[in-house]
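Examination of the molecular architecture
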Amino acid sequence: MISDKSTGLFKDSLPKLPYLYSLTIDSSKCKLIGDETLKSLAVCLSNSQVQKISLNFALCDKITDNGIVSLLNSMSALRLQSLELSFAGQVSKLISSGHCDKITDACFDGLQKVLYNGKLLKRLMLEFPYCSKITDNGLNTIKEALKFTSALEYLVVNFEGCEKVTDHSVNYLRKGLKHMTELKYLMINLSYCKEITDNGIGYLHEAVKDMKALEHIVLKLFNCKISEIGLGYLKDILKSSNSMETLTLHFEKLQKEIAKIQKEFIFKKRFVAEKNP
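Just so you know, these numbers come straight off a predicted model, no measurement behind them. (Residues numbered from 1 in each chain as written. Predicted model: local features only at pLDDT ≥ 70, side-chain atom pairs only at ≥ 80, totals over all residues. Heavy atoms only, no water.)

Moving on to the side chain of Asp167. Positionally, Asp167 belongs in helix α7 (residues 167-177). Buried charged residue Asp167 carries no salt bridge. Nearest counter-charge: Lys225, at 8.8 Å. If we skip the residues at most four places from it in the chain, Asp167 touches Glu195, Ile196, Thr197, Asn199, Gly200 and Tyr203. (Helix = DSSP H or I, 4+ residues; strand = E, 2+ residues; numbered from the N terminus. Buried < 20%, exposed > 50% of the residue type's maximum accessible area, 1.4 Å probe, protein only. Lys, Arg positive; Asp, Glu negative; His and termini not counted. Salt bridge = Lys/Arg side-chain N within 4 Å of Asp/Glu carboxyl O. Contact = heavy atoms within 4.5 Å.)

The following block contains the structure:
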């Protein structure tokens, strides 16, 4: 089994690859991996020229904020073009295991430093599903840093099942989105965040309605407090955008109202609705 004791391989192998451009590590389900592994990797990354990083730590229950912050701090001087930081895995296992119980808003301190140097970033994926200790303070920490990611073309934000995430988080995200003039793809998953309401959709509407490059939006809002008012905001996004190709909504309620919107935009713009999680 892979554990902190066996991951000295980072120290041995990565320094021998000084021109490594892309790094992908999927440690999901490796329950024996902890902060020592991440700190070992951090030492290697700080002296590298890596530009694309993809990391998945789903169900790595020994990892804490300290390890994540150490790792992210090591990336802050890199000229990153792509960063994927994920704790996503099979939803039923995430819920039953209480995974990420050592991951809190504090890890966003390290992420903030990466984003302040994010002028070359084109792809950013942040996935913290069912991380119960993540709150609005997470996005509040990085809201100013997001302004430095104006070159982003692809953005995924996943806080599914984070019940302490509310409309305030969408407002903080809004402040960053307004600066992402090159953004083409946006996916936001707030399913089972029970304090997401029409106000949150209003913040999103304000941010994206005038984004000229945006082509695809995916919104996952199962079990959120969205009414016809929220759907009206989404309808206005479709009306006001000339670049939008698809708006995909994952939502289980108001099916008659959604069908009316689909019918209205069937020939002009594609509005896709999914009612099953």
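Now that the structure has been shown, the text picks up again.
So, about the side chain of Ser48. Turning to its location among the elements, Ser48 is positioned in the loop between α2 (35-45) and β2 (52-56). Taking the relative accessible area as the measure of exposure, Ser48 reaches 18% and is therefore buried. Polar side-chain contacts of Ser48 include one of 2.8 Å to the backbone oxygen of Leu45. Of note is the side chain of Ser48, whose polar atom sits 3.4 Å from the backbone nitrogen of Val50. (Polar contact = N/O pair within 3.5 Å; in protein donor to acceptor, adjacent residues only side chain to side chain.)

Turning our eyes to something else, we now look at α2. Buried residues dominate α2, accounting for eight of its 11 residues. Of the residues making up α2, those classed as buried are Asp35, Thr37, Leu38, Ser40, Leu41, Ala42, Cys44 and Leu45.

Take empty space enclosed by the protein next. Taken as a whole and judged by the stated rule, the model has three cavities of 30 Å³ or more. Of the pockets and cavities examined, the largest cavity occupies roughly 50 Å³. In terms of lining residues, the largest cavity is bounded by Val170, Ile188, Leu190, Ile196, Gly200, Ile201, Leu204, Leu219 and Leu221. Per element, the largest residue contribution to the lining of the largest cavity is three residues, and it comes from helix α8 (residues 198-208). Residue composition of the lining of the largest cavity, by class: eight nonpolar, one polar and no charged. In this model, the second largest cavity occupies a volume close to 40 Å³. Around the second largest cavity sit Leu139, Val157, Phe159, Val165, Ser169, Val170, Leu173, Ile188 and Leu190, which together line it. Element by element, the count of residues in the lining of the second largest cavity is highest for α7, at three residues. Broken down by class, the residue content of the lining of the second largest cavity amounts to eight nonpolar, one polar and no charged. (1 Å grid on protein atoms, 1.4 Å probe; cavity = no way out; pocket = protein on both sides within 12 Å on 5 of 7 lines; lining within 4 Å. Points joined across faces, edges and corners; volume = space filled by probe spheres on them. Nonpolar A, V, L, I, M, F, W, Y, C, P; charged D, E, K, R; others polar.)

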